[in-house]
Amino acid sequence: MNNNTTYQTDYSELLAGQEGSAQALLIRHGQVGDHQSVRTADILIQNGKIAQVAAQISVQDIDCVVIDATDKLVLPGGIDVHTHFNIDVGLARSCDDFYTGTRAAACGGTTSIIDHMGFGPAGCSLFHQLEVYKGYAQDKAAIDYSFHGVIQHIDDEILSQMQAMVSDQGIASFKLYLTYQHKLDDDAVYKALSQLKKVGALTTVHPENDATITIKRAQLLSEGKTEPKYHAQSRPLECEAEAVARMINLAKLADDAPLYIVHLSNGLGLDYARMARANQQAVWVETCLQYLLLDDNYYDREDGLKFILSPPLRPEAEKEKLWQGLIDGSIDTVATDHCAFTYAEQKQLGADNFAQCPNGLPGVETRMPLLFSEGVMKGRIDIPRFVELTSYQPAKLFGLYPKKGSLEVGADADLVLFDSNEKQTITHDLLHDNSDYTPFEGISCTGWPVMTLCRGAVVACNGKFTGQAGFGRFMHRKPFSA
Ligand code: DUC
Ligand code: ZN
Ligand code: ZN
């Protein structure tokens, strides 16, 4: 027999946090959900891994901490595959680094992130930014992390570096841009897609038609149209949908290379992706909460600068089309594109000209609660689908499964406990990022994450961060396989 301590729902004595990583933990009587089902079960965690999942686990002979999860959902920790921590976008450096960003992530039920690295010096190798970003994250990240490679140009050297990035460095996905400073032309896109397929990597793309954006932006600014709403008018949804269609066709031409569309914001682009999938093409789609919940009316507000990001917020009707994509399975993941700038200072760079406003919004902490509340609690999606969108598919597509995104024995004990009865109204004071606002201010949520465990360590509990800078580990990812 032993003296196991059971912590009830306020878990207050666990707030010191780190005992969970060293000691065995039993999470008892939770509603345990994965991408397939939900059932009442116990989960035993030993050495940071899931040791057993069963209807009832006896710990008579095991010295462990017991967490009573009666009436709580116990789900795989969230995986946010689209963040930008500590990114220099030219106009400004985002205000969340790998500490404040992952702290916020942990408090929102997310246990791993994959960050899209920013551009390095012109002509740099693929390894350059990886080294820079490993330095950014190493002593700061409080949860596990990886990076998407960034492709700034294509030549024989870059093409030849791709294999080592995947096999030696564990970077199994790359991003290319069709707009911004290092936009690629069709020749480069085709070569990148072909080679990335050969080396076992997934190509992800920021799809927007650069030429039409450039023309429209210049036209609007020449007419003195500088307010935030003109940011959206400078890059209408057809700019994005055209580039989605182009990428899909280029991927098909490049020997059917696998393609992942990031931050899809509109129904037309989604229809192109649906068509490709109906044709058995390997195309996956990500969207973000801002496109599901916000719309271009926000640009008319006095604080419209807060909502400047690219692609921009869309006309209201697009939101429902994206929800339909979550419901019918044509959208695969929900991420955030967390790229935070302060409103009081950094966003004000665009006060006289939308084109000078650093693009991006915070969102890493609100992703799980908002999708849970708006999706599950409003009856649009069920719990397995929630897990699929936030954890299982991200892990599958980006080479982390089954270590992450699953509750299988042997998986990392990355878990989030949700209280589906807890009501919270989102306000920035609740959150743990380094920005000074949330775009979701005032939205009421039913259901809230009450505890987050990363490899068995309690990294957040009842709205408090209980983790540690530097606890997060770099995740060496497996090559892409469909
Ligand atoms: N758009 C991007 O493509 N990246 C960062 C933020 C944004 O708004
Ligand atoms: Zn992007
Ligand atoms: Zn992004």
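Quick caveat, the model's predicted, so the values are computed rather than measured.

The rules behind these values
Residues numbered from 1 in each chain as written. Chains lettered and ligands numbered in written order. Predicted model: local features only at pLDDT ≥ 70, side-chain atom pairs only at ≥ 80, totals over all residues. Heavy atoms only, no water. Donors = N, O, S within 2.8 Å, 3.2 Å for Na, K, Ca; no water. Helix = DSSP H or I, 4+ residues; strand = E, 2+ residues; numbered from the N terminus. Buried < 20%, exposed > 50% of the residue type's maximum accessible area, 1.4 Å probe, protein only. Near = heavy atom within 4 Å. Polar contact = N/O pair within 3.5 Å; in protein donor to acceptor, adjacent residues only side chain to side chain. Areas by Shrake-Rupley, 256 points an atom, 1.4 Å probe, with all protein chains shown as cover. 1 Å grid on protein atoms, 1.4 Å probe; cavity = no way out; pocket = protein on both sides within 12 Å on 5 of 7 lines; lining within 4 Å. Sits in = over half its atoms within 2 Å of the grid points. Phe/Tyr/Trp six-rings, centres within 6.5 Å; stacked < 30°, edge-to-face > 60°. Expected span 1.5 Å × (residues − 1). Contact = heavy atoms within 4.5 Å. Points joined across faces, edges and corners; volume = space filled by probe spheres on them. Nonpolar A, V, L, I, M, F, W, Y, C, P; charged D, E, K, R; others polar. Axes fitted to C-alpha atoms, helices over the stretch in contact; angles between N-to-C directions. Parallel < 35°, antiparallel > 145°, perpendicular 65-115°, else oblique. Domains from an automatic or database assignment. Buried area = accessible area lost by both parts, 1.4 Å probe. Salt bridge = Lys/Arg side-chain N within 4 Å of Asp/Glu carboxyl O.

1. A look at the coordination of the zinc ion (ligand 2)
Thought 1: Distances from the zinc ion (ligand 2) to its protein donors, His206 (ND1) and His263 (NE2), fall at 2.1 to 2.2 Å.
Thought 2: Between the zinc ion (ligand 2) and the zinc ion (ligand 3) the interatomic distance amounts to 3.4 Å. On the criterion of sequence distance, the pair formed by histidine 206 in strand β11 (residues 202–206) and histidine 263 in the loop between β12 (259–261) and α9 (267–278) is long-range, its members being 57 residues apart.
Thought 3: Using a relative accessible area of 1% as the deciding quantity, one classes histidine 206 as buried.
Thought 4: The buried category is assigned to histidine 263, whose relative accessible area is 1%.

2. Describing the site of ligand 1
Thought 1: Taken together, the residues surrounding ligand 1 are His84, Tyr180, His206, His263, Leu309, Ser310, Asp337, Cys339, Asn359 and Gly360.
Thought 2: Between ligand 1 and tyrosine 180 there is a distance of 3.2 Å, counted from an oxygen atom to a side-chain nitrogen or oxygen.
Thought 3: The separation between an oxygen atom of ligand 1 and a polar main-chain atom of glycine 360 is 3.4 Å.
Thought 4: Surface burial for ligand 1 is 96%, taken as the share of its 240 Å² of free accessible area covered by protein chains.
Thought 5: Structurally, ligand 1 is housed in the largest pocket.

3. Quick notes on the packing of aromatic side chains
Thought 1: Going through the model one piece at a time under the given rule, you end up with 19 aromatic pairs.
Thought 2: Geometrically, the ring pair formed by phenylalanine 386 and phenylalanine 418 is edge-to-face, given 5.9 Å between the ring centres and 85° between the ring planes. Placement of the pair is phenylalanine 386 in helix α13 (residues 383–397) and phenylalanine 418 in strand β15 (residues 415–425), with a sequence separation of 32 residues.
Thought 3: Phenylalanine 386 gets classed as buried once you look at its relative accessible area, which sits at 1%.
Thought 4: The exposure class of phenylalanine 418 is buried, given its relative accessible area of 0%.
Thought 5: Taken together, the ring pairs connect Phe85, Phe98, Tyr133, Tyr136, Tyr145, Phe147 and Phe474 into an aromatic cluster.

4. Description of helix α5 (residues 186–199)
Thought 1: In this model, α5 (14 residues) spans 20 Å end to end at C-alpha, consistent with the 20 Å of a helix rising 1.5 Å per residue.
Thought 2: If you check which residues of α5 are buried, you get Ala188, Val189, Ala192, Leu193, Ser194, Gln195, Leu196 and Val199.
Thought 3: Residues of α5 that are buried make contact with α4 (156–167), β10 (173–177), β11, α8 (237–253) and β12.
Thought 4: Immediately beyond the C-terminal end of α5, within one or two residues, lies glycine 200, with a positive phi of roughly 85°.

5. Topic: empty space enclosed by the protein
Thought 1: For the coordinates displayed, the defined rule picks out 3 cavities of 30 Å³ or more.
Thought 2: Roughly 50 Å³ of volume is contained in the largest cavity.
Thought 3: Looking at the largest cavity, it is lined by 13 residues, and the ones nearest its centre are Pro362, Gly363, Thr366, Leu431 and Asp433.
Thought 4: In the lining of the largest cavity, the residues fall into 7 nonpolar, 4 polar and 2 charged.

6. Points about the coordination of the zinc ion (ligand 3)
Thought 1: On the protein side, the zinc ion (ligand 3) has His82 (NE2), His84 (NE2) and Asp337 (OD) as donor atoms, found 2.0 to 2.1 Å from it.
Thought 2: If you list the donors of the zinc ion (ligand 3) from N- to C-terminus, the spacing comes out as H-x1-H-x252-D.

7. Structural notes on the packing of α9 against helix α11 (residues 317–328)
Thought 1: Relative to each other, α9 and α11 sit at 30°, their axes nearing to 9 Å. With respect to each other, α9 and α11 are oriented roughly parallel. Contacts between α9 and α11 pair Gly267, Leu268, Leu270 and Arg274 from the former with Glu318, Lys321, Gln324, Gly325 and Asp328 from the latter.
Thought 2: Looking at side-chain class alone, the contact of α9 with α11 contains 2 nonpolar, 3 polar and 4 charged residues.

8. Concerning the environment of aspartate 332
Thought 1: Structurally, aspartate 332 is set in the loop between α11 and β14 (333–335).
Thought 2: Sequence separation of aspartate 332 and tyrosine 401 is 69 residues, and the distance between their C-alpha atoms is 15 Å.
Thought 3: Setting aside anything within four residues of it in sequence, one finds aspartate 332 in contact with Arg277, Val283, Trp284, Val285, Glu388, Leu389 and Gln393.
Thought 4: In this structure the side chain of aspartate 332 is engaged in a polar contact, spanning 2.7 Å, whose partner is the side chain of arginine 277.
Thought 5: A distance of 2.8 Å separates the side chain of aspartate 332 from the backbone nitrogen of valine 285, its partner in a polar contact.

9. Some details on the domain arrangement of the protein chain
By a widespread convention, an interface's size corresponds to the accessible area lost as its parts come together.
Thought 1: Partitioning the protein chain into structural domains gives domain 1 (5–75 + 414–421 + 445–465) and domain 2 (77–397).
Thought 2: If you average the C-alpha positions of domain 1 and of domain 2, the two centres end up 32 Å apart.
Thought 3: Listed as interface residues are 26 residues of domain 1 and, on the opposing side, 25 residues of domain 2.
Thought 4: Here domain 1 packs against domain 2, burying approximately 2000 Å² in sum over the two surfaces, 75% of which is carbon and sulfur.
Thought 5: The largest share of the area that domain 1 buries against domain 2 comes from His35, Phe418 and Phe465, three residues that together contribute 30% of it.
Thought 6: At the boundary of domain 1 with domain 2, the tally comes to 1 salt bridge.
Thought 7: Note that arginine 455 and aspartate 144 form a salt bridge whose closest N and O atoms lie 2.6 Å from each other.
Thought 8: Where domain 1 touches domain 2, the interface holds 5 residue pairs in polar contact (both at pLDDT 80 or more).
Thought 9: Elements represented by at least two residues in the side of domain 1 that touches domain 2 include exactly β6 (73–76), β15, β16 (444–454), β17 (457–461) and β18 (464–465).
Thought 10: Ranked by residues supplied to the side of domain 1 that touches domain 2, first place goes to β16 with 8 residues.
Thought 11: A class-by-class count of the residues in the side of domain 1 that touches domain 2 yields 14 nonpolar, 8 polar and 4 charged.

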